[in-house]
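Spelled out, the chains give:
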Amino acid sequence: MSFLDRVRACAVFTPSAYRPFRVDGVDVGLVAHDFADVLRRQRDVFVVDDEGVSLSSAVPADPDSRSEAVARALRPLADAGMLRGWRDEPYEVAARPGQPVLFTMERAAIPRFGIIAAGIHVNGFVRGGDGAIHMWIGRRALDKANSPGKLDQLVGGGKPAGASVRETLLKESEEEADLPEPVAGRAKPAGAVTYRTERSEGLRRDVLYVFDLELPEGLVPRNTDGEISEFYLWPLQRVLEAVRDGDEFKFNCALVIIDFLIRHGHIGPDEPDYLDLVHGLRSLALAEGALR
């Protein structure tokens, strides 16, 4: 494998397999044709034709009414096993991050509608006395719905409806690594990684807001929500090799680490795939213009 293989794994997309999901005439997602056929049964909420999927005019055009109607239509699909991992955790539906929220949708359904979702990932690292970087790595619990047992960042999580990016950072840092606000609040924004890729749960169109958090030697993270089974403090070279040579890391966590390695000079312009890596880490924006 290679760094570029990890980036390519997050760029699997067959445009002909989808049709647009529109709200108020604006494209907000992409629905696979087979799932669109399932939605045809929910005529009081969804209108499905060969050109796309939209909300029925029978649904009042305010965010709360739309949210309630969509939840009412989708919950039976979850009960029937067509939507796995229902969490009662609403996410915002908008044309793109920062735009007005049109309504909210259960997190588990977001990929089935190809809606852009946002999250935060925190690179937690320690500098030794010689300046060498060690990175905190978490192993995901075996009962996680997605990527059980895979390696992960120190902290990572989706941004739920109504929460800001900073609020999500602080909440996830406390729950996943037992980092109090005075510590987690020192995390420095370091840009974003975006991608569009087909996964078993659907079409992932994600924006990951990336943070770097330098931690003092001796501080040991402790998971409090059961989502991480254990933490490791690895030399950065070991992290680099694990991402480059294997498949231990969760698919999007590998991208966040590649981004860290580029920004900190551990992958440089002499890397044969350097430009492809740089561009590939923002493939959602490049491929769709969705974030312009």
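Values in this document were obtained by computation on a predicted structure and should not be read as measured data. (Residues numbered from 1 in each chain as written. Predicted model: local features only at pLDDT ≥ 70, side-chain atom pairs only at ≥ 80, totals over all residues. Heavy atoms only, no water.)

Novice: What is the right way to read the sheet that holds strand β3 (residues 46-49) from this model?
Specialist: Note on sheets: strands pair through backbone hydrogen bonds, and any given pair is parallel or antiparallel. Strands sit in the order β2-β1-β4-β3 across an open sheet of four strands; the sheet is mixed. Pairing within the sheet leaves two strands with one partner each, and these edge strands are β2 (26-32) and β3. Sheet twist, expressed as the average angle between the axes of neighbouring strands with direction ignored, equals 25°. Note: strand β1 (residues 18-23) against strand β4 (residues 52-55), two bridges, orientation parallel. By the bridge assignment, F21 is partnered in β4 with V53. Sheet contacts for helix α3 (residues 63-79): β1, β3 and β4; angle to β3, the most-contacted strand, approximately 65°. (Pairing = 2+ DSSP bridges. Helix = DSSP H or I, 4+ residues; strand = E, 2+ residues; numbered from the N terminus. Axes fitted to C-alpha atoms, helices over the stretch in contact; angles between N-to-C directions. Contact = heavy atoms within 4.5 Å.)

Novice: Whenever I open this one, helix α4 (residues 165-177) confuses me. Can you help?
Specialist: Each full turn of the α-helix corresponds to 3.6 residues, which orients residues three or four apart in the same direction. In this model α4 runs 17 Å from its N-terminal to its C-terminal C-alpha over 13 residues, within 8% of the 18 Å that 1.5 Å per residue would give. When we look at burial in α4, the residues that qualify are T168, L169, L170, E172, S173, E176 and A177. Looking at the buried positions of α4, the neighbouring elements they touch are β7 (116-127), β10 (155-158), α5 (181-184), β12 (202-214) and β13 (228-235). Trailing α4 by a residue or two, D178 shows a phi angle of about 60°, which is positive. (Expected span 1.5 Å × (residues − 1). Buried < 20%, exposed > 50% of the residue type's maximum accessible area, 1.4 Å probe, protein only.)

Novice: It is not clear to me how the packing of aromatic side chains should be interpreted in this structure. Could you clarify?
Specialist: Two measures describe an aromatic ring pair: the distance that separates the ring centres and the angle between the ring planes. In the structure shown here, the tally under the stated rule is seven aromatic pairs. Measuring from centroid to centroid gives 5.7 Å for Y195 and F251, while their planes differ by 80°, and the two rings are edge-to-face. Placement of the pair is Y195 in strand β11 (residues 188-199) and F251 in helix α7 (residues 251-263), with a sequence separation of 56 residues. Comparing Y195 with F251, the two get one shared label, buried. These aromatic residues form a ring-pair network of at least three members: F21, F35, F46 and F113. Looking at R199, its charged tip hangs above the ring of F251, at a distance of 3.9 Å from the centre. (Phe/Tyr/Trp six-rings, centres within 6.5 Å; stacked < 30°, edge-to-face > 60°. Lys NZ or Arg CZ within 6 Å of the ring centre and 35° of its normal.)

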